[in-house]
Amino acid sequence: MASCRGQRSTVGPECVSRLFKSVVNMVKSKRFVVARHFDGLPKESDFQLVEEETPDLKDGEILVASIFSSVDPYMRTLSRRLSEGVTMVGECCARVAESKSSDFPVGTVIVHQYGWRTHAVLDTENQDPPRKAPADYPKDLPLSLLLGAVGIPGLTAYFGLLKCLEAKEGETVFVNAAAGATGSIVGQIARIKGCKAVGSAGSDAKVAWLKELGFDAAFNYKTVSSLDAALKEAAPNGIDCYFDNVGGDFTTTVLNHMNLYGRVAIVGGISTYNDKDPSSKGAFPYKAIQGKQLTLIGFVVSRWLDQWPQGKAQMMQWIKEGKIKYREHVTEGFENMPKAFIGMLVGENIGKAIVKL
Ligand SMILES: NC(=O)c1ccc[n+]([C@@H]2O[C@H](COP(=O)([O-])OP(=O)(O)OC[C@H]3O[C@@H](n4cnc5c(N)ncnc54)[C@H](OP(=O)(O)O)[C@@H]3O)[C@@H](O)[C@H]2O)c1
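Residues numbered from 1 in each chain as written. Predicted model: local features only at pLDDT ≥ 70, side-chain atom pairs only at ≥ 80, totals over all residues. Heavy atoms only, no water.

With an unreviewed UniProt entry as reference, the chain is termed Prostaglandin reductase 1, source organism Branchiostoma lanceolatum. UniProt lists a comment for the chain under the heading Sequence similarities (unreviewed entry), and it reads "Belongs to the NADP-dependent oxidoreductase L4BD family." Under the Subunit (unreviewed entry) heading, UniProt states for the chain: "Monomer or homodimer." (UniProt positions renumbered as here; feature names shortened; annotations may be inferred.)

Okay, here's the thing in structure tokens:
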């Protein structure tokens, strides 16, 4: 708390002004650290909330206040590399609150990857400066989409389907975790491109939403009697493009349903993320891969970083035209970040899981 040294009972105008200034400038910032490494599914007690004051800005620096924070599956895998006590990894959409950079005036909306925090002091002159929201970002679109359909999940769907899988008109595209942030966009782009879109998701409500989005077929993988039978029914002519978000045994089964020369994008393996050794699950079906002459491609969306502006422009256009619809699963309050993260890992979200600060 600020104090006026040398003043006891009487407080003059100059001191009041100084006191006011120091209180106004003092920004309390919160962040979550990983208190202990996750053992299986993370628990709320694995995180610790730390409160601190933000430092004064140096030239070239900005203070940003988060508006929305993202909770994503990759945070579970990346957390394995964090030491205990380190800020949890993550992405935020934030607004510049104070600035010592003419390129980032107060009010500028940016996206940064400096973890789970309410505020951050960022150096705009380093090699990885914060990314500004596109200059033509539509005023009527929520800024949270910068973490969803116009952010990493949307771009993953866009580049994964069109650059990696090269999905063509008339082909059958299968995506799992289809009612999530990425999967829901994959199916809709597939439809835009004239493909047959097939998806699986973990609840009947999710499946109903996929049908509203225009998926040709969708099923609840948790209630079908067998994944094999469900795939036979949903994709009777086989699968040409498999957008794999789930991995493990699920993928072993899907690979047996691929058509000759089918393409498989290994995008994520959420069914294994909480395992001690995520790579050990699921047999590798050599016979199907060799016999059907499949192409398996792993990718990380940053591979197309130089083309992100075009990808975002296309996503914004499709959203404006009503061709891509989105849904968000919003949790209110920074303090609820761990809860939102765990909820997303167990499938509570329909669409993009977001935390509103
Ligand atoms: N390669 C890249 O650059 C890149 C970029 C972004 C995302 N990804 C990957 O894409 C996948 C989806 O990410 P997202 O951000 O869009 O998350 P999301 O799909 O919005 O949320 C995760 C979903 O995964 C599903 N899930 C959880 N455990 C599962 C299990 N054991 N089996 C099947 N499904 C399970 C849940 O839905 P259900 O109710 O349907 O189970 C949950 O809602 C993840 O694997 C992620 O790592 C990769």
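Having seen the structure, we can now continue with the description.
Engineer: Can you help me understand the site of the ligand in this one?
Structural biologist: Taken together, 26 residues are adjacent to the ligand, and Thr 182, Lys 206, Tyr 221, Tyr 273 and Asn 349 come closest. A distance of 3.0 Å separates a nitrogen atom of the ligand from a polar backbone atom of Val 267. For the ligand, an oxygen atom lies 2.8 Å from a polar atom in the backbone of Val 301. Compared with its free state, where it exposes 900 Å², the ligand has 90% of that area covered by protein. Of the residues assigned to the shell around the ligand, the class counts are 14 nonpolar, 11 polar and 1 charged. (Near = heavy atom within 4 Å. Polar contact = N/O pair within 3.5 Å; in protein donor to acceptor, adjacent residues only side chain to side chain. Areas by Shrake-Rupley, 256 points an atom, 1.4 Å probe, with all protein chains shown as cover. Nonpolar A, V, L, I, M, F, W, Y, C, P; charged D, E, K, R; others polar.)

Engineer: What's the story with the domain arrangement of the chain in this structure? I'm lost.
Structural biologist: The parts lose accessible area when they come together, and the size of an interface is often stated as this lost area. Per the domain assignment, the segments of the chain are domain 1 (28–148 + 328–356) and domain 2 (152–303 + 313–317). The gap between the C-alpha centroids of domain 1 and domain 2 is 28 Å. Summed over both sides, the interface between domain 1 and domain 2 buries roughly 1,500 Å², with carbon and sulfur atoms accounting for 59% of that surface. For the interface between domain 1 and domain 2, the tally reads 1 salt bridge. Between Lys 276 and Asp 39 there is a salt bridge, with the nearest N and O atoms lying 3.1 Å from each other. Counting across the domain 1 and domain 2 interface gives 8 residue pairs in polar contact (both at pLDDT 80 or more). Partitioned by chemical class, the residues of the side of domain 1 that touches domain 2 number 10 nonpolar, 7 polar and 6 charged. (Domains from an automatic or database assignment. Buried area = accessible area lost by both parts, 1.4 Å probe. Salt bridge = Lys/Arg side-chain N within 4 Å of Asp/Glu carboxyl O.)

Engineer: Explain the UniProt feature "domain: Enoyl reductase (ER)" (unreviewed entry) in the chain here, please?
Structural biologist: UniProt records the feature "domain: Enoyl reductase (ER)" (unreviewed entry) at residues 40–355, using the numbering of this structure. Taken end to end, residues 40–355 has its terminal C-alpha atoms 23 Å apart, with 26% of it in helix and 25% in strand. (Helix = DSSP H or I, 4+ residues; strand = E, 2+ residues; numbered from the N terminus.)

Engineer: Any chance you could explain the pattern of salt bridges here in plain terms?
Structural biologist: If the charged atoms of two oppositely charged side chains come close together, the side chains can form a pair. For the coordinates displayed, the defined rule picks out 11 salt bridges. Put simply, Asp 46 and Arg 36 hold a salt bridge, and the shortest N to O gap is 3.8 Å. Within this pair, whereas Asp 46 is found in the loop between strand 1 (28–34) and strand 2 (47–53), its partner Arg 36 is found in the loop between strand 1 and strand 2, the two being separated by 10 residues in sequence. Assessed through its relative accessible area of 0%, Asp 46 is described here as buried. The salt bridge partner of Lys 43 is Asp 46, with a shortest N-O separation of 3.8 Å. (Buried < 20%, exposed > 50% of the residue type's maximum accessible area, 1.4 Å probe, protein only.)

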